[in-house]
Amino acid sequence: MYKPVSGFSKKTKAQKLEWLATTHFSNDETAIATLKKYWNSDEKLQKLHDDFIENTISNYYLPLGVAPNFLINGTLFTLPMVIEESSVVAAASNAAKFWLNKGGFTSNVISTQKNGQVHVNFFGKQSDISTFFSEVKPKLIESIASLQKNMQKRGGGLIDIVLLNSTKALNGYYQLHCTFETLDAMGANFINSCLEEIARTFETEASTYTPFKNCNQSPEVVLSILSNFVPECLVRAQVSCKVEDLTTKHIDGAVFAQKFVRAIDIAKVEPRRAVTHNKGIMNGIDAVVLATGNDFRAVEAGVHAYASKDGNYTSLTDAKVENGIFTFSIEIPLALGTVGGLTSLHPLTKLAFTLLQKPNAKQLMQIVAVAGLAQNFAAIRSLVTTGIQKGHMKMHLMNILNQMEATELEKEKAVTFFTEHQVTHSSVESFVENLRN
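Since we're looking at a predicted model, the values are computed, not measured.

1. Overview of the overall build of the protein
Part 1: When you go through the protein residue by residue, the secondary structure sums to 16 helices and 10 strands.
Part 2: The C-alpha extent of the protein, read off along each of the three principal axes, is 90 × 70 × 40 Å.
Part 3: Classification of the 437 residues of the protein by burial places 44% in the buried group.
Part 4: In the structure as shown, the protein presents an accessible area of about 23200 Å², 52% of it carried by carbon and sulfur atoms.
Part 5: Within the protein, the 41 negative side-chain charges are centred at a point lying 2 Å from the centre of the 42 positive side-chain charges.

2. Side note on the packing of helix α4 (residues 88–100) against helix α13 (residues 361–383)
Part 1: At a minimum axis separation of 8 Å, α4 and α13 run at an interaxial angle of 95 degrees. In terms of orientation, α4 lies roughly perpendicular with respect to α13. Contacts between α4 and α13 involve V88, A91, A92, A95, F98 and W99 from the first element and A374, Q375, F377, A378 and R381 from the second.
Part 2: Grouping the amino acids of the contact of α4 with α13 by side-chain chemistry returns nine nonpolar, one polar and one charged.

3. Examining the nonpolar core
Part 1: Among the nonpolar cores identified, the biggest contains 97 residues, and F70 and L334 are the most heavily contacted of them.
Part 2: Per element, the largest residue contribution to this core is 12 residues, and it comes from α13.
Part 3: Apart from residues no more than four positions distant in its own chain, L334 is found in contact with V230, C233, V235, I285, V299, M365, V368 and A369.
Part 4: The next biggest cluster of nonpolar side chains, apart from the first, holds 11 residues, and it includes I400, A414, V428 and V432.

4. Brief notes about the layout of surface pockets
Part 1: Here the largest pocket defines a volume of roughly 1600 Å³.
Part 2: Residue assignment for the lining of the largest pocket shows that the elements contributing at least two residues are α3 (43–50), α7 (188–206), α10 (271–291), α11 (296–307) and α12 (347–355).
Part 3: Of the residues assigned to the lining of the largest pocket, the class counts are 23 nonpolar, 17 polar and three charged.

What counts, and where the lines are drawn
- Residues numbered from 1 in each chain as written.
- Predicted model: local features only at pLDDT ≥ 70, side-chain atom pairs only at ≥ 80, totals over all residues.
- Heavy atoms only, no water.
- Helix = DSSP H or I, 4+ residues; strand = E, 2+ residues; numbered from the N terminus.
- Buried < 20%, exposed > 50% of the residue type's maximum accessible area, 1.4 Å probe, protein only.
- Areas by Shrake-Rupley, 256 points an atom, 1.4 Å probe, with all protein chains shown as cover.
- Lys, Arg positive; Asp, Glu negative; His and termini not counted.
- Charge placed at Lys NZ, Arg CZ, Asp CG, Glu CD.
- Axes fitted to C-alpha atoms, helices over the stretch in contact; angles between N-to-C directions.
- Parallel < 35°, antiparallel > 145°, perpendicular 65-115°, else oblique.
- Contact = heavy atoms within 4.5 Å.
- Nonpolar A, V, L, I, M, F, W, Y, C, P; charged D, E, K, R; others polar.
- Core = buried A, V, L, I, M, F, W, Y, C linked by side-chain atoms within 4.5 Å.
- 1 Å grid on protein atoms, 1.4 Å probe; cavity = no way out; pocket = protein on both sides within 12 Å on 5 of 7 lines; lining within 4 Å.
- Points joined across faces, edges and corners; volume = space filled by probe spheres on them.

Set out below in structure tokens:
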């Protein structure tokens, strides 16, 4: 066991690498050389990356790919996608191509409210805290006047504050539930700053409130933080066409639609299937969210909470056939930003926004929802026809060949051979070994 290190964050980058080499890599020069290989040769750009987080020692690369031919609300888009999974970009591209001549995707933003809470302990009379809140609410709003001045100029800011009695769920637990409009900003820092100021004002005013003094029971703020569950920040996307338009040389349209709808219905009622089903949706959503410098962890948490909002974890997508029309749709909460944070700092994120024709936050919500819907369509289409592994393993073939350090000639022959043969790790290994022998 190595000894704890003191003042690590204050060390220079070179000193951090030296400590890592000595402590964890047995002074292996190749380990440090590998870290340095991923440094950017542009020192200014590397410094920008170093400053994103603390204790940066290198850059961790993920592929940035593009999926073209997405027709969304009548406009053609090329989607930037950052992801490591082999078949995701190909699947998105195939779905986009499939729907291109069938009217494409439509998407609309339902609502854009975000929220946060001041969580409060209070064990006195409910009537006391309710009366106090009614009296102090104008002061709470006034307390954040300077914080939201610029946001209000743009048409956003605090929408409302309400007192929620949550004592049935937890003894003595109340919330100041605050709703916000943050426009093109994701708004986390703005919301948290407002909540903390509201909390300070609430406690200060409570400390001199006579009924609290008389019963020796005063509210205590436990914490103040935004919520990543944003069910009032909703976007919907869908595709639809005549059932016969789903016909391909491999399957009749009516048969395909019946199988597809049944697959979605299974994901609605079976949580074990729904989790994997929704994970596939998030393959598309996360990839675009990452490419645009947004917080994919917040999006993931909020989306999965939404999938459980009715008490059971279920599918995020719906499918139906009515009057000969096949419709496939998704409705999800997405709190995204196009200004602030990495969106204006990371050079590749700037390029991603240019690629997307510089959308505002609402437009980005629509694009991201479509990415999730397209990904799910591609996955379900594979599952009810050829099976998921055929396409996935074909895309995974290059990873296996690279693991074996295959030459370009070996790769070329392998790609040709496995066009007509099933890809498995062992079959690729056998093929390459036979070539080499």
